Structure formats: C-alpha cells, structure tokens
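One letter stands for each residue in the lines below.
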Amino acid sequence: MTAPAPHPSPTEAPPTCAVTTTVSVIGGKWKAVAVYHLLGGPRRFSDLQRRMPGVTQRMLTLQLRELEADGLVHREVYPQVPPKVEYSLTPLGQTLEPIVRAMLAWGETYRQRDQGA
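Residues numbered from 1 in each chain as written. Predicted model: local features only at pLDDT ≥ 70, side-chain atom pairs only at ≥ 80, totals over all residues. Heavy atoms only, no water.

What follows concerns the overall build of the chain. From N to C terminus, the chain includes six helices and three strands. Residue burial in the chain is summarised as follows: out of 117 residues, 26% are buried. Pairs at least 24 apart in sequence give 46% of the contacts found in the chain among residues at least 6 apart. In the form shown here, the chain has an accessible surface area of approximately 8500 Å², with 59% of it arising from carbon and sulfur atoms. (Helix = DSSP H or I, 4+ residues; strand = E, 2+ residues; numbered from the N terminus. Buried < 20%, exposed > 50% of the residue type's maximum accessible area, 1.4 Å probe, protein only. Contact = heavy atoms within 4.5 Å. Areas by Shrake-Rupley, 256 points an atom, 1.4 Å probe, with all protein chains shown as cover.)

Time to look at the pairing of strand β2 (residues 73-78). Summarising the sheet, β2 and strand β3 (residues 84-89) pair through six bridges and their orientation is antiparallel. Counted as the bridge partner of V73 is L89 from β3. (Pairing = 2+ DSSP bridges.)

As a further point, take the pairing of β3. Regular strands place side chains that alternate from one sheet face to the opposite one. Where burial is concerned, most of β3 is hidden: five out of the six residues are buried. In terms of strand pairing, strand β1 (residues 43-44) meets β3 through two bridges, oriented antiparallel. Paired with R43 across the strands is Y87, a residue of β3. In sequence, β2 turns back onto β3 through a hairpin of five residues.

Interpretation in functional terms is not warranted from these geometric data alone.
Encoded structure:
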C-alpha cells in the first residue's frame, strides 16, 4: 500500500487533477457529441448541426472554435463559391476516440437501466 501524497503547503498551488483537465477540454453539452460525429471523418457545419438536434448555430460555432483552439479539431476552408468549410479531428482529437466510445457505451447502459426501472 502506498502512502497518500502529501498536501501542498499553503504557498504551493495544488496539482490539477487530470479529470478536471479532461472535462475542461471536452466538457459541456456539445463538445463530446461533436467529437463523436467527427470520428467518422470530416463533416461540414450543416451536417454536424443536422446530426445534433437541439444545438443552436451559435453554440455549435462556439464549441467547434473551442475544440479548434485546444488543438482537437481542424477547420478547413475551401476557396470556392459558395464557401465550403469542413471540420475534422486532428491527430490529438483522434486520441479521444476511446473516451467518447466509452461514454457512448456507458450512456447506452444507463438508458437501458433507466428504461427498465
């Protein structure tokens, strides 16, 4: 059995919990859902919005921008008329696949449990 980690002194900042870091990056109602839909490959904004009923255009835009700023999503603008924009996962974003798939499996199990009650 290992001893618990010592508490930081009052002058030291406590270490950030890795779960907190993960939630800060993919937390929120729509980020993980957007990542899930991007696992299948690049998608246009309208396609993502269609696959995510209930998300507003503004909210989806904000969530995609945050994912892009965190290096998880790539936004490709094609120089054509009308403009074409596609979103895809970066290599870092693709590392979220096991997490998102685990969330999917857990959600299915939870829904089944909830329906059985």
